[in-house]
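Tertiary structure, described
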Amino acid sequence: MSRSAHPAGPRHADVLPEGHYSAPPADLNSLDPKVWSSTVRRNGDGEVTVAGLEVSRLAEEFGTPAYFLDEADFRERCRAWADAFGRNADVFYAGKAFLSRAVVRWLHEEGLNLDVCSGTELVTALDAGMPAERIAFHGNNKSEAEIRRAVEAGVGRIVLDSFQEIVRVAHIAQELGTVQKAFIRVTVGVEAHTHEFIATAHEDQKFGIGLADGQAAEAVRRALKLDGLELVGIHSHIGSQIFDMAGFEVSARRVVQLLAEVRDEHGVELPEIDLGGGLGIAYTSDDDPREPHEIAKALSEIVTRECDAAGLRVPRISVEPGRAIVGPTAFTLYEVGTIKPIEGLRTYVSVDGGMSDNIRTALYDAEYSVALVSRTSTAEPMLVRVVGKHCESGDIVVRDAFLPADLAPGDLIAVPATGAYCRSMASNYNHALRPPVVAVSDGSARVIVRRETEEDLLRLDVG
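Quantities reported herein were computed from a predicted structural model and do not represent experimental measurements.

**Brief notes about the overall build of the protein chain**
- Across its full length, the protein chain carries 12 helices and 21 strands.
- In terms of C-alpha radius of gyration, the protein chain reaches 24 Å, essentially the compact-globule figure of 23 Å for 463 residues.
- Its C-alpha atoms give the protein chain principal-axis dimensions of about 70 × 50 × 50 Å.
- With 463 residues in all, the protein chain has 55% of them scored as buried.

Here it is in structure tokens:
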């Protein structure tokens, strides 16, 4: 037998050690408001409603799987972030979390800005009416066509991610007879306590220009010399799904130190800093995210303190919440298909979606909650793994959770906090049709991103 081979015994499927998962909740029918949007509740019959609409009615009208996005909750979160940071700061919604024309219109109406990281995200934003000057354009490898489109549109900021891009953006801006405002994205060497794939500020990764080795300072030198650029600030982003503000404190300190070095060398005080996003949300009851006003207060105090120590004017702060706004506003509704008990281990509950509508569990080992939503139950809790219908053993939606032991095929279950990075990372694996996004508000529901059809897939397959 090969040294790398091993027998796949009954516990081969990544069984967690006893005690890894939390004990079952006292009431399986309860809905923790930390992980559900603000209008979700159970009605008198025990069925879950959102914006006053029963999930059974939603499933009948729109099918499953489907994402249901609570518009009132989304708008409330936009206002909370805008109010927390006030007029002396900028809040950019991170469009990569989830972007649609309806969402762009809501952002515009609520006074938030938008960051995009591809030419097609930019097109979506502009088509939906977001003023170009309120858009920031990210990306580590923007094409010349994307840069040209952004400069022609008049985007407010382009975030420069490499030495090549500094020259490229300046050259295109000069060709077009304009001066493009820009940030330089720096990697500040902060180890955010998050998954390796979503930690973005340590030196050994693809984003940004290194601070510790002097490359960021050199990038500033080059940008300040180019006629096609107006360097207005420094950008830093340390990762995603972060609860601890300590990383932001270290990041802010290092960014301010760079601002002081720029002043001392060039006699220029850059007027802005962008501290990125990455603030965590509650996917389970164990998560304890910060509120926007706490985050705003902490970041303002950190930057003010560091600027005072360096003798700098306090720059205008920008932040980029995406997940923190849209993540908690949506849930994914599934219908239970098959139920397979594995004696002594757990019960596998298969649903009509899976990794094609939520890749995060497979990709990041993300944790989620789940609830039976079409009815209540007094049955004993059973340890379950909610899995999809795709041809992969890693097709897991919720790795370990508790559902009632009388769960049956045809029941509706829902996974909350799926507004961010679920529809935006959805795929056609196994030729699955990507689910719709349905906005719910004040007793009404409307599709804002329609379900894909077989005709959609076949139309792209030109044979």
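**Quick word on the environment of A128**
- Tracing the sequence through the fold places A128 in the loop between α4 (119–127) and β7 (135–137).
- For the pair formed by A128 and V103, sequence separation is 25 residues and the distance between their alpha carbons is 8.8 Å.
- Here A128 is in contact with R101, V104 and R105, once residues within four sequence places are set aside.

**As for the environment of P321**
- Note on placement: P321 falls in the loop between β13 (316–319) and α10 (323–326).
- P321 sits in the buried class, given a relative accessible area of 3%.
- For P321 and L114, which are 207 residues apart along the polypeptide, the C-alpha to C-alpha distance reads 9.7 Å.
- Contacts of P321, omitting those with residues within four sequence positions, involve W81, V91, F92, Y93, A94 and G277.

**Focus: the packing of helix α5 (residues 144–153) against helix α6 (residues 163–175)**
- Running from amino to carboxyl end, α5 crosses α6 at an angle of 50°, the nearest separation of the two axes being 10 Å. With respect to their mutual orientation, α5 and α6 come out oblique. In this structure, α5 meets α6 at a crossing whose hand is right-handed. Contacts from E144, I147, R148 and V151 in α5 reach E165, R168, V169, I172, A173 and E175 in α6.

**Some points on the confidence of the model for the protein chain**
- Summary statistics for the protein chain give a mean pLDDT of 92 and a share of 92% for residues scoring 70 or more.
- Counting interchain partners and residues more than four positions distant, the pLDDT-below-50 stretch residues 1–19 has 13 contacts.
- Low pLDDT (under 50) marks residues 194–202, which in the prediction has 30 contacts with non-local residues, meaning those over four places away or in another chain.

**Section: the pairing of strand β6 (residues 113–116)**
- In β6, alternate side chains face the same way, and those of N113 and D115 on one face and L114 and V116 on the other are all buried.
- Relative to β6, strand β5 (residues 89–94) runs parallel, the two sharing 3 bridges. Bridge pairing in β6 links A94 to D115.
- Tracing the backbone out of β5, into helix α3 (residues 101–110) and back to the parallel element β6 gives a crossover that is right-handed.
- Bridge count between β6 and β7: 3 bridges; the pairing is parallel. Residue pairing across strands places D115 opposite A136, the latter belonging to β7.
- This β-α-β element, β6 to α4 to β7, shows right-handed connectivity.

**Looking at the sheet that holds strand β1 (residues 40–42)**
- If you trace the 3 strands from one edge of the open sheet to the other, you get β1-β2-β3, paired in antiparallel fashion. Strand pairing shows two members of the sheet lacking a second neighbour, β1 and β3 (53–54), which therefore form its edges.
- Sheet analysis places β1 next to strand β2 (residues 48–50), joined by 3 bridges and oriented antiparallel. By the bridge assignment for β2, R42 is matched with V48.

**Some points on α5**
- All buried positions along α5 are accounted for by I147, A150 and V151. For α5, the angular spread of buried residues about the axis comes to 95°, placing them on one side. Summarising the geometry of α5, the exposed residues directed more than 90 degrees from the buried face are A145 and E152.
- Buried residues in α5 make contact with α4, β7, β8 (157–160), α6 and β9 (180–187).
- Looking at the residues trailing α5, positive phi occurs at G154, about 85°.

What counts and what doesn't
Residues numbered from 1 in each chain as written. Predicted model: local features only at pLDDT ≥ 70, side-chain atom pairs only at ≥ 80, totals over all residues. Heavy atoms only, no water. Helix = DSSP H or I, 4+ residues; strand = E, 2+ residues; numbered from the N terminus. Rg over C-alpha atoms; globule rule 2.2 N^0.38 Å. Buried < 20%, exposed > 50% of the residue type's maximum accessible area, 1.4 Å probe, protein only. Contact = heavy atoms within 4.5 Å. Axes fitted to C-alpha atoms, helices over the stretch in contact; angles between N-to-C directions. Parallel < 35°, antiparallel > 145°, perpendicular 65-115°, else oblique. Left-handed = near helix turned anticlockwise from the far one by under 90°. pLDDT = per-residue confidence, 0-100. Pairing = 2+ DSSP bridges. Right-handed = clockwise from strand over helix to strand, strands pointing away. Arc of directions from axis to C-beta.

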